[in-house]
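Examination of the molecular architecture
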Amino acid sequence: MIKMVTRTLIVLGCCLGGLLLPQAVAANIEAAQPGRQKVGLALSGGGARGAAHLGVLRVLEEMKIPIDYIAGTSMGSIVGGLYASGMTPDEIEQALKTMDWEHIFSDAPPRVERSFRRKRDDDLYLVKARLGISDDGKPRFPTGAIQGQKFDLALRALSLPVTNTTDFDRLHIPFRAVASDIGSGAKVVLGEGDLATAMRASMAVPGLFAAAEVDGRLLVDGGITDNLPVDVVREMGADIVIAVDISTPIKPAEEVINLFAITGQLTSLLTRNNVEEQLATLTEADVLIIPALGDFSSSDFVNATDAVPIGYQAADAQRSELRRLSLPAGDYQAHLAARTARPPRDLPIIQFVRIENDAGISDAMIHDRIRQRTGEPLDRQQLEQDIAHIYGLELFQNVRYDLVEEQGETGLLVDARAKSWGPNYLQFGLDLSSDIRGTNSYDLGAAYLRTGINPLGGEIRLATQIGQDPLLAAEWHQPLDSLSRYFVYTGARYGATNVDVFDGRRDAVAEYRVKEARAELALGRELSVYGESRLGYRYRDGEVDVKTGSPELPEFSYESGNAFARLAVDRLDNYNFPEEGWLGAVEYDIAREDLGGDSEFEQVRLVANGFTSLGNGHVVGLGGLVNSTISGSADIQDRFRLGGFLNLSGYTEDSLSGQQAGVLTAIYYRRFEALPFLSWYLGGSFEYGGVWEDKGDLFDDAISSGSVFLGADSPIGPLYLGYGHAEGGYDSIFFYLGRPQFR
């Protein structure tokens, strides 16, 4: 992070004093224990196994062993860096216990924090992962599967008291983090800069975490080059090294039997050789501690603190060897007193807020979303929520904050970096459905999205679809203010779809093919990140042809001019398989000849769904929709359609149509996590509803239906396989890829 330096003589004097402080501290320590050999601590990497380092630190403190230097790699740099900053082992352990490990390694902001515009992307069946493309059409990819947004914020919060300490020799204990330059393969020892960034760089597993940019270099996990930094701590000045090796041992060939085992073995092989090289440099004066972690997984961060007592036991077993390094109580207290004081953990008063961003949008779009008041203490919880909302715009690769000192004032710096693989994106998707009657459909879609086309964050989307419902579409969404509260939406599309018509016995009498061109213009107001309202006009020009049915059935062309008003709220935590939250929308449409159409009618659409978790993966939900033509008569293209999963599951998709439609649905499912990146669901539903011609008949003689299903929230979209039944002998076995649960 760039630190601005004033040119006044007073600040220059402070800077010169800062340069001399490490030497002064070292002189104080030397004076306190003249002739004492310096002790350095080398902490290896090993993922979640690194929590064992805390147990070792506890024993060293109990034995009053002075630690003069610390060097750490990967997880060793996290524990070592936080300890060097002044945190106690108890404080670090508590931080590990309370950290939200289930979500911290996911870049996706909580769905409730995403902007409403981005939530509506979930209405599409496109794969959520976006392929970046350059302006000349070449593919672009991020430098890691995880950008580390949440992890960065967690490290920033923990290291906040030393955020302005850029010389790591001036920390409570001098410290070095070890990383690797992905461009040259060289080891990089970080002894200055931003502590949170240094720790993050040291733990950036290549391919998994995005590389950290430091001084123009892309840095990744230090385990590649020096997983047990004995040499680094010696170079700092250590005469005696306490080396703690928690790295994962290499498994025998018979245990490497699947993809995950092979991946883990590869990681071990990459680090083990350099660990052995460092172990070979240890002398009789040094101490090696290897906690008996066995098969404790390096990825099991949820249970990471279970490794703390294992580390304690390992160090405790070597008390006899460590005892020679202990100091008398008085000397130990003198050693502690000679160290740089632990920084105060009081939150500073923020005097100004500054924004840095390179995404091509206005700084005001970020600044106006930060609710930190100047002249008041830093509200870290509110700041992190504000940053989550900014990140939820999905314009940035990372949004970080820092505290800066300028002219004697403490300020808040918010740094937003544009996605390195944006702002041009491609998405693809596949929508499949099939049932027992042999009714199959598919649609293959592709879309181009360009974000941040102007300072207020306007965006355009172009889409095409081939299959049963071919489509060409374009849209432009343009916010009108820095908070994106007001917006203009304009869109156009041309497509075709099938509409079935049934008689009173619910037997199909005709299938129509509707081809339509549509243009839409709307003015809207976003309601925070939770909803929106909009008023608009929609013009359609199309034709209706008989695909199957009596040749006497009419074919016709139509024009439709509609004014509409819509209010929608979305607070679901997951669109495909929600566990908490609710969603609701109401829309009123009025078609008039004086609006450019050839028919007149009014329609109302209402949908609402709510979900709650019963714990242990059990979820229940209630939902429903009521669609009504409240005046006039809608032609074929404007009739409401039902049928398919959760919309009378015994019927095929969209196989019922009428002037009125309604469904009430109750659903239950249980989540299973057979794989770490894939959740499975087993559940069932009950539905009650139908279609009618007269609004007075809504829910009269309604149909009972239900389903049992197996679902999966896969990387390419939701999967559903199940059986549906409706009264009257209607049955379906269905398979869907990319179908949302509710309309």
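Keep in mind that what you see is a predicted model, and the values were worked out from it rather than measured.

In space, the three strands of this open sheet follow the order E14-E17-E16, with mixed pairing throughout. Edge positions in the open sheet fall to strand E14 (352-357) and strand E16 (396-406), since each of these has one partner strand only. Going from strand to strand, the sheet's axes swing by 20 degrees on average, the running direction of each strand aside. In this sheet, strand E17 (residues 409-418) lies alongside E16 in antiparallel orientation, the contact comprising ten bridges. For Glu-406, the partnering residue across the bridge sits in E17 and is Glu-409. Across the sheet, helix H16 (residues 380-391) lies against E16 and E17, angled at about 145 degrees from E16, the strand it touches most.

A cluster of like negative charges, contributed by Asp-541, Glu-543, Glu-555, Glu-559, Glu-593, Asp-594, Asp-598, Glu-600 and Asp-635, occupies part of the molecular surface. You can see Asp-541 is positioned in strand E24 (residues 531-549). Exposure remark for Asp-541: the relative accessible area of 37% places this residue in the partly exposed category.

What follows deals with helix H12 (residues 308-316). Owing to its 3.6 residues per turn, the α-helix aligns residues three or four sequence positions apart on the same side. Those residues of H12 not exposed but buried are Val-308, Gly-311, Ala-314 and Ala-315. All buried residues of H12 lie within an arc of 125 degrees about the axis, which places them on one face of the element. The inward-facing, buried residues of H12 contact helix H2 (52-62), helix H4 (89-98), strand E12 (287-289) and helix H13 (319-322).

As enumerated under the stated definition, the model contains 16 aromatic pairs in all. Counting every residue linked through ring pairs, the aromatic cluster contains Phe-577, Phe-645, Tyr-669, Tyr-681, Phe-709, Tyr-720 and Phe-734. Positioned over the ring face of Tyr-425 is Arg-130, at 5.9 Å from the centre of the ring. Over the ring of Tyr-530 we find Arg-571, and its NZ or CZ is 3.9 Å from the ring centre.

In this section: H16. In a regular helix each residue adds 1.5 Å, so twelve residues correspond to 16 Å; H16 covers 16 Å between its end C-alpha atoms and thus fits that length. Along H16, the residues that are buried comprise Leu-383, Asp-386, Ile-387, Ala-388, His-389, Ile-390 and Tyr-391. Contact partners of the buried residues in H16: helix H7 (149-159), helix H15 (364-367), E16 and E17.

Glancing now at empty space enclosed by the protein. Applying the stated criterion to the full structure yields seven cavities of 30 Å³ or more. Quantified by volume, the largest cavity comes out at close to 170 Å³. Lining the largest cavity are 13 residues, with Arg-117, Leu-393, Gly-457, Pro-479 and Ser-484 positioned closest to its centre. Those elements that place two or more of their residues in the lining of the largest cavity are helix H6 (116-119) and strand E21 (471-479). Formed jointly, the lining of the largest cavity draws a minimum of three residues from each of two domains, domain 2 (349-418) and domain 3 (470-737).

Using the residue numbers shown here, the UniProt feature "short sequence motif: GXGXXG" (unreviewed entry) corresponds to residues 45-50. Secondary structure across residues 45-50 divides into 0% helix and 0% strand, with the first and last C-alpha atoms of the span separated by 6 Å.

Take the side chain of Arg-538 next. Residue position: Arg-538 is located in strand E24. The class for Arg-538 is buried, based on a relative accessible area of 12%. Arg-538 has contacts with Arg-518, Ala-519, Glu-520, Ser-560, Gly-561, Asn-562, Phe-564, Glu-587 and Asp-589, leaving out every residue within four places of it along the chain.

Turning our attention to the pairing of strand E6 (residues 175-181). Most of E6 sits out of view: seven of its seven residues are buried. Side chains Phe-175, Ala-177, Ala-179 and Asp-181 of E6 all project onto a buried face; the interleaved residues Arg-176, Val-178 and Ser-180 project onto the opposite face, where all are buried too. The pairing of strand E2 (residues 69-73) with E6 spans four bridges and is parallel. Following the sheet pairing, Ile-70 is matched in E6 by Phe-175. In the sheet, E6 pairs with strand E7 (residues 187-190) via four bridges, with the strands oriented antiparallel. Across the sheet, Ser-180 pairs through a bridge with Lys-187, a residue of E7.

What counts and how
- Residues numbered from 1 in each chain as written.
- Predicted model: local features only at pLDDT ≥ 70, side-chain atom pairs only at ≥ 80, totals over all residues.
- Heavy atoms only, no water.
- Pairing = 2+ DSSP bridges.
- Helix = DSSP H or I, 4+ residues; strand = E, 2+ residues; numbered from the N terminus.
- Axes fitted to C-alpha atoms, helices over the stretch in contact; angles between N-to-C directions.
- Contact = heavy atoms within 4.5 Å.
- Patch = residues over 30% accessible without salt bridge, like charges linked within 9 Å, V, L, I, M, F, W, Y side chains within 5 Å.
- Areas by Shrake-Rupley, 256 points an atom, 1.4 Å probe, with all protein chains shown as cover.
- Salt bridge = Lys/Arg side-chain N within 4 Å of Asp/Glu carboxyl O.
- Lys, Arg positive; Asp, Glu negative; His and termini not counted.
- Charge placed at Lys NZ, Arg CZ, Asp CG, Glu CD.
- Buried < 20%, exposed > 50% of the residue type's maximum accessible area, 1.4 Å probe, protein only.
- Arc of directions from axis to C-beta.
- Phe/Tyr/Trp six-rings, centres within 6.5 Å; stacked < 30°, edge-to-face > 60°.
- Lys NZ or Arg CZ within 6 Å of the ring centre and 35° of its normal.
- Expected span 1.5 Å × (residues − 1).
- 1 Å grid on protein atoms, 1.4 Å probe; cavity = no way out; pocket = protein on both sides within 12 Å on 5 of 7 lines; lining within 4 Å.
- Points joined across faces, edges and corners; volume = space filled by probe spheres on them.
- Domains from an automatic or database assignment.
- UniProt positions renumbered as here; feature names shortened; annotations may be inferred.

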